[in-house]
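Structural description and commentary
Here are the chains, one letter per residue:
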Amino acid sequence: MPKKIDHEARKQDIAKATWKVIMDGGMEAASVRNIAKEANLSLGALRHYFTTQEELLHYAMELVKARCEARIMQVIQQVLQPKQLVTRVLLELIPIDKETMAEMQVWFMFTLHFKYKQGDTFRQTDGIRETVQRLLIFLSESGNMKEGKDLLKETEKLYALIDGLAFHRFIDPENFSGEYAAEILIEYVDDLCQEEERSK
């Protein structure tokens, strides 16, 4: 019997090979030929899965987002207190370890590539602002957020903080560690929330 091929798994392997090519040589190195070589495939085999370079790049970019969303879903499925849940989800939005650093690096490069290609029609689709807004609404409705906070303003502040932490990790990873980024984010959530009552 012919060997059954998991086509989705193969597409993900090609996407990961694309990430590797981009991290090693930048977007200019992300030719179909270089990606096929990294994935140990012929050009014909690669084009069986992706007929154009742009189709491949778009899939590789969306895979970064899908992996982050999958990790967030794993957190949401756990039984956690509201503040702990919000904090854990937010930590999934910043690059802390080697794996998420690699994903963030290629996401930034993809974003710049598609921004350049699409010009004024480009729209950011990472979903981070929407996620942050939903988390803060949840925090407020659960009674954990300090009174008097402007949700729209806090959404923009937290969204900017997450972007800034990710950018610092991208530019200066040796001096701006994942642990330090996580510490800053956790302190921000602590400052946003009511003080927890201590048991007597």
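Reference entry: report on the structure contained in this document. (Residues numbered from 1 in each chain as written. Predicted model: local features only at pLDDT ≥ 70, side-chain atom pairs only at ≥ 80, totals over all residues. Heavy atoms only, no water.)

A look at helix α5 (residues 82–91)
With respect to burial, α5 is a largely interior element, 8 of its 10 residues being buried. Residues of α5 that are buried include every one of Pro82, Lys83, Leu85, Val86, Thr87, Val89, Leu90 and Leu91, and no others. The elements touched by buried residues of α5 are α4 (53–76), α7 (128–141), α8 (151–171) and α9 (178–192). (Buried < 20%, exposed > 50% of the residue type's maximum accessible area, 1.4 Å probe, protein only. Helix = DSSP H or I, 4+ residues; strand = E, 2+ residues; numbered from the N terminus. Contact = heavy atoms within 4.5 Å.)

Let's talk about the pattern of salt bridges
Overall, the coordinates contain 10 salt bridges when judged by the stated rule. One salt bridge in this structure joins Asp190 and Lys83, with 2.8 Å as the shortest N-O distance. Here the residue Asp190 occupies a position in helix α9, and Lys83 occupies one in helix α5, the gap between them amounting to 107 residues. For Lys83, a relative accessible area of 15% corresponds to the buried category. When salt bridges with common partners are traced through the structure, they connect Arg67, Arg71, Glu92, Glu99 and Glu103 into a single cluster. (Salt bridge = Lys/Arg side-chain N within 4 Å of Asp/Glu carboxyl O.)

A word on the packing of aromatic side chains
According to the stated counting rule, one finds 3 aromatic pairs in the structure shown. Note on Phe108 and Phe170: the rings are 5.2 Å apart at their centroids and 80 degrees apart in plane angle, and the pair reads as edge-to-face. Of this pair, Phe108 sits in helix α6 (residues 98–118) while Phe170 sits in helix α8, placing them 62 residues apart in sequence. For Phe108, a relative accessible area of 22% corresponds to the partly exposed category. For Phe170, a relative accessible area of 27% gives the class partly exposed. Relative to Tyr180, the ring of Phe176 has its centre 5.3 Å away and its plane inclined at 70 degrees; by these criteria the two rings are edge-to-face. Residue Tyr180 is classed as partly exposed on the basis of its relative accessible area, which comes to 42%. (Phe/Tyr/Trp six-rings, centres within 6.5 Å; stacked < 30°, edge-to-face > 60°.)

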